[in-house]
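Here's the letter readout for the chains.
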Amino acid sequence: MGKTIVITGAGSGIGATTARHFLDRGWQVALIGRRSAPLEQVAEGGGKALVLACDVADEAAVEAGFDRIAEYFGRIDTLFNNAGIGAFGGTIDQISVADWRACIDVNLTGSFICARAAFRHMRSQRPMGGRIINNGSISAHAPRPGSAPYTASKHAITGLTKTIALDGRAFDITCGQIDIGNAMTEITTSFAEGVLQPDGQIRPEPTMDVQDVAEAVWYMATLPPEVNVLNMTVMAAKMPFVGRG
């Protein structure tokens, strides 16, 4: 029986590239996203894949989905908690409570619900154990202007990661976080034209190949069970993060 990974937000961007990376290397991959069509497209071309259209913030749907994955593949070895949305609406008084709740529901509550379902299976399967990898962000360390909901959700992911890593010790479940900066996806195509900076100016920012993110997730996922990367930052080398300004 091969190794199994569950990837949320697998229909595009980082999730899609990572799903193909694992499929191409012989893993069994469960792809979760809101819509079936993009997931089916990612899953085409070989490998053992299971497509599940599911809202990660829907507890009942997630629980049923993870039950199906465990039954279909026999076990769950790894979860890449990747699904997320942005929320960049200006200063805090300009951001609606509805936008706040939508961002927290997906980025934080969705990650909690999926990790909870994965943890439940990992502690009960035989052999016991598994690995959870949460997608944080550079925003887990430093915010962009006008990003209160997104930044708050990603700071909270760090607390979730550390708690799962601690609670998972008794069950051979590891948990780590990957903080990604400026991977080239559909969301970051505008970065080459210019991004609002803390000093109020708009300047272009360097990006990196999203395939390098998939390689980093692969590294974390394929470590032996007695080893964990608690936190990894993978970023465009010259993006504005280290330093001032």
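Residues numbered from 1 in each chain as written. Predicted model: local features only at pLDDT ≥ 70, side-chain atom pairs only at ≥ 80, totals over all residues. Heavy atoms only, no water.

**Q** Help me out: how do you make sense of the overall build of the protein in this one?
**A** Along its length, the protein carries 6 helices and 9 strands. Relative to the compact-globule value of 18 Å for 245 residues, the protein shows a C-alpha radius of gyration of 17 Å, a close match. Dimensions along the principal axes, computed over C-alpha positions, put the protein at roughly 55 × 35 × 35 Å. A buried classification covers 50% of the 245 residues belonging to the protein. When contacts within the protein are restricted to residue pairs at least 6 apart in sequence, long-range pairs at least 24 apart make up 69% of them. (Helix = DSSP H or I, 4+ residues; strand = E, 2+ residues; numbered from the N terminus. Rg over C-alpha atoms; globule rule 2.2 N^0.38 Å. Buried < 20%, exposed > 50% of the residue type's maximum accessible area, 1.4 Å probe, protein only. Contact = heavy atoms within 4.5 Å.)

**Q** Whenever I open this one, the nonpolar core confuses me. Can you help?
**A** Side chains of a nonpolar character, in soluble globular proteins, are inclined to be buried together. Grouped together as the largest cluster of nonpolar side chains are 34 residues, with contacts concentrated most on Val29, Leu31, Phe80, Ile178, Ile180 and Val213. With 6 residues, helix α6 (residues 210-221) is the single largest residue contributor to this core. With 31 residues, the next largest nonpolar core counts Ile69, Ile113, Ala118 and Ile173 among its residues. (Core = buried A, V, L, I, M, F, W, Y, C linked by side-chain atoms within 4.5 Å.)

**Q** Which parts of the structure should I look at to understand the pairing of strand β6 (residues 173-181)?
**A** Regular strands place side chains that alternate from one sheet face to the opposite one. Here β6 lies mainly inside the structure; 9 of its 9 residues are buried. Here β6 shows two buried faces, one formed by Ile173, Cys175, Gln177, Asp179 and Gly181 and the other by Thr174, Gly176, Ile178 and Ile180. Looking at chain direction, strand β5 (residues 130-135) and β6 are connected through 6 bridges and run parallel. Bridged to Asn134 within β6 is Gln177. With helix α5 (residues 148-167) bridging β5 and its parallel neighbour β6, the resulting β-α-β unit is right-handed. The sheet contact formed by β6 and strand β9 (residues 231-235) spans 5 bridges and is parallel. In the strand pairing of β9, Gly181 is matched with Met235. (Pairing = 2+ DSSP bridges. Right-handed = clockwise from strand over helix to strand, strands pointing away.)

**Q** Teacher, can you tell me more about the packing of aromatic side chains here?
**A** Centre distance and the angle of the planes are the two values used to describe a pair of aromatic rings. Applying the stated rule across the entire model yields 6 aromatic pairs. Across the ring face of Tyr72, the terminal group of Lys48 is positioned such that the distance to the ring centre comes to 5.7 Å. Cation over ring: Arg123 sits above Phe171, and NZ or CZ is 4.0 Å from the ring centre. (Phe/Tyr/Trp six-rings, centres within 6.5 Å; stacked < 30°, edge-to-face > 60°. Lys NZ or Arg CZ within 6 Å of the ring centre and 35° of its normal.)

**Q** Is there a simple way to explain the environment of Ile85 in this structure?
**A** Mapped onto the fold, Ile85 is located in the loop between β4 (78-81) and α4 (97-124). Once the C-alpha coordinates of Ile85 and Ile104 are considered, the two residues, 19 residues apart in sequence, prove to be 9.0 Å apart. Discounting residues that sit within four places of it in the chain, Ile85 has contacts with Ala102, Cys103, Val106, Asn107 and Tyr150.

**Q** What exactly am I supposed to notice about the pattern of salt bridges here?
**A** Pairing is possible between side chains of opposite charge, provided their charged atoms come close. Within this structure, the stated rule accounts for 10 salt bridges. The residue Arg116 makes a salt bridge to Glu59 at a minimum N-O spacing of 3.7 Å. Residue Arg116 is found in helix α4, and its partner Glu59 is found in helix α3 (residues 59-73); the two are separated by 57 residues along the sequence. Classification of Arg116 as partly exposed rests on a relative accessible area of 43%. Classification of Glu59 as partly exposed rests on a relative accessible area of 45%. Across the pair Glu63 and Arg120 runs a salt bridge whose closest N-O atoms are separated by 2.5 Å. Here Arg120 lies in helix α4 and Glu63 lies in helix α3, a separation of 57 residues in the sequence. In the salt-bridge network here, residues are joined through shared partners; they are Glu59, Glu63, Asp67, Arg116 and Arg120. (Salt bridge = Lys/Arg side-chain N within 4 Å of Asp/Glu carboxyl O.)

**Q** Even after reading the chapter, I still don't get α6, so can you show me in this structure?
**A** Helical geometry: 3.6 residues make up each α-helical turn, so side chains three or four residues apart lie on a common side. An ideal rise of 1.5 Å per residue puts 16 Å on 12 residues; α6 measures up with 17 Å between its terminal C-alpha atoms. Of the positions making up α6, those classed as buried are Val210, Val213, Ala214, Ala216, Val217, Met220 and Ala221. Looking straight down α6, one finds that the buried residues subtend no more than 160° of arc, so they occupy a single side. The elements touched by buried residues of α6 are α1 (13-24), β4, β5, β6 and β9. Of the residues that open α6, the one with a side-chain oxygen 2.9 Å from the backbone nitrogen of Gln211 is Asp209. (Expected span 1.5 Å × (residues − 1). Arc of directions from axis to C-beta. Polar contact = N/O pair within 3.5 Å; in protein donor to acceptor, adjacent residues only side chain to side chain.)

**Q** How should the side chain of Ser153 be read in this particular structure?
**A** Inspection of the secondary structure assignment puts Ser153 in helix α5. Ser153 has contacts with Cys103, Ile104, Asn107 and Leu108, leaving out every residue within four places of it along the chain.

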